[in-house]
Amino acid sequence: MDDHSTADDVVNFPKLRRTVVLVGMMGCGKTAIGRVLAERLGVEYVDSDAEIETAANATISEIFERSGEAFFRDRETEVINRLLKSSPCILSTGGGAYLAERNRAAISEHGVAVWLDADLDLLWERVRHKDTRPLLRTANPRATLAEIFAQRGPIYALAELRAKADPEFTIDDMTDHVLAVLSERPDILEPMT
């Protein structure tokens, strides 16, 4: 076989018409699903927290420590707005981003929110052995997670689309599920011809 590509080698992707913003709790799979979803759709994957860290040349924890949460939330909104106005992509947001009404309004206007809805037991299974979650550095991290889950769940439920996680799903299974949810909306994902 030679190294020359032919027309048969071209991969066709469904056309993404609007940025898909993945929202949900820590551990719901925003990063893992986001990367695979972007690859399957032939678009860029962007993590809003990583974009903020790059722009600030500091970690999220350092930004919080140095400048406070209000400063961070303002930068977060700026980054989300900028990304929503660029080419359609898969955008993963920090767990708190969707809580702000201004972010929900911008996402609704320029993209679509997809809530990766995982139950508390599944979230705990995924995050309990990681020390990278500052909000869970408490005496009882599972109780803290349950409290955050109870507070944020009703807000995540405001997302236009919802993909319910199943503990048996692999990353590919969940990505298939998200694609199925998106394919119900031809204004977001143009069907393949």
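Higher on the page you've got the structure.
Residues numbered from 1 in each chain as written. Predicted model: local features only at pLDDT ≥ 70, side-chain atom pairs only at ≥ 80, totals over all residues. Heavy atoms only, no water.

S.K.: Honestly, helix α1 (residues 30-41) in this entry has me stumped. Any pointers?
M.R.: Two residues of an α-helix separated by three or four positions point the same way, owing to the 3.6 residues in each turn. When the terminal C-alpha atoms of α1 are compared, their 16 Å separation across twelve residues agrees well with the 16 Å that a helix rising 1.5 Å per residue should span. Taken residue by residue, α1 has K30, I33, G34, V36, L37, A38 and L41 as its buried positions. In the segment just after α1, G42 is the residue with positive phi, at about 70°. (Helix = DSSP H or I, 4+ residues; strand = E, 2+ residues; numbered from the N terminus. Expected span 1.5 Å × (residues − 1). Buried < 20%, exposed > 50% of the residue type's maximum accessible area, 1.4 Å probe, protein only.)

S.K.: Looking at this structure, I do not really get the sheet that holds strand β6 (residues 161-164). What am I missing?
M.R.: What holds strands together in a sheet is hydrogen bonding between their backbones, with the strands either parallel or antiparallel. If you trace the five strands from one edge of the open sheet to the other, you get β3-β4-β2-β5-β6, paired in parallel fashion. Each edge of the sheet is formed by a strand with only one pairing partner; in this case those strands are β3 (45-47) and β6. Each strand axis lies, on average, 25° off the axis of its neighbour in the sheet, ignoring direction. In this sheet, strand β5 (residues 111-117) lies alongside strand β2 (residues 19-23) in parallel orientation, the contact comprising five bridges. Bridge assignment links V20 to a residue of β5, and that residue is V112. In the packing of helix α4 (residues 69-84) onto the sheet, contacts are made with β2, β3, β4 (90-92) and β5, and the angle to β2 comes to roughly 145°. (Pairing = 2+ DSSP bridges. Axes fitted to C-alpha atoms, helices over the stretch in contact; angles between N-to-C directions. Contact = heavy atoms within 4.5 Å.)

S.K.: Which parts of the structure should I look at to understand the environment of V43?
M.R.: The topology assignment puts V43 in the loop between α1 and β3. In this structure the C-alpha to C-alpha distance between V43 and R126, which are 83 residues apart in sequence, comes to 27 Å. Sequence-distant contacts of V43, defined by excluding residues within four places in its chain, comprise L16, A38, P88, C89 and I90.

S.K.: Looking at this structure, I do not really get helix α2 (residues 48-56). What am I missing?
M.R.: One side-chain oxygen at the N-terminal end of α2 lies 2.8 Å from the backbone nitrogen of D49; it belongs to D47. The positive-phi residue at the C-terminal boundary of α2 is N57, with phi of around 55°. (Polar contact = N/O pair within 3.5 Å; in protein donor to acceptor, adjacent residues only side chain to side chain.)

S.K.: I keep staring at the pairing of β2 and nothing clicks. Help me out?
M.R.: Both faces of the sheet carry side chains from a regular strand, because those side chains alternate between them. In terms of residue burial, β2 counts as a mostly covered element, since five of its five residues are buried. In β2, alternate side chains face the same way, and those of T19, V21 and V23 on one face and V20 and L22 on the other are all buried.

S.K.: It is not clear to me how the pairing of β5 should be interpreted in this structure. Could you clarify?
M.R.: Along β5, seven of the seven residues are buried, which leaves the element largely enclosed by surrounding structure. Of the two faces of β5, the one lined by G111, A113, W115 and D117 and the one lined by V112, V114 and L116 are each fully buried. For β5 and β6, the ladder comprises four bridges, and the chain directions are parallel. Paired with V114 across the two strands is L161, which belongs to β6.

S.K.: For this particular structure, what's the right way to read the packing of α2 against α4?
M.R.: How two helices pack is summed up by the angle between their axes together with the distance between the axes. Put simply, α2 and α4 touch, their axes get as near as 10 Å, and they point 110° apart. The angle between α2 and α4 falls in the class roughly perpendicular. α4 is crossed by α2, and the crossing has right-handed handedness. From α2, S48, D49, E51 and I52 reach across to α4, where they touch F72, R75, E76, V79, I80, R82 and L83. Residue composition of the contact of α2 with α4, grouped by class: five nonpolar, one polar and five charged. (Parallel < 35°, antiparallel > 145°, perpendicular 65-115°, else oblique. Left-handed = near helix turned anticlockwise from the far one by under 90°. Nonpolar A, V, L, I, M, F, W, Y, C, P; charged D, E, K, R; others polar.)

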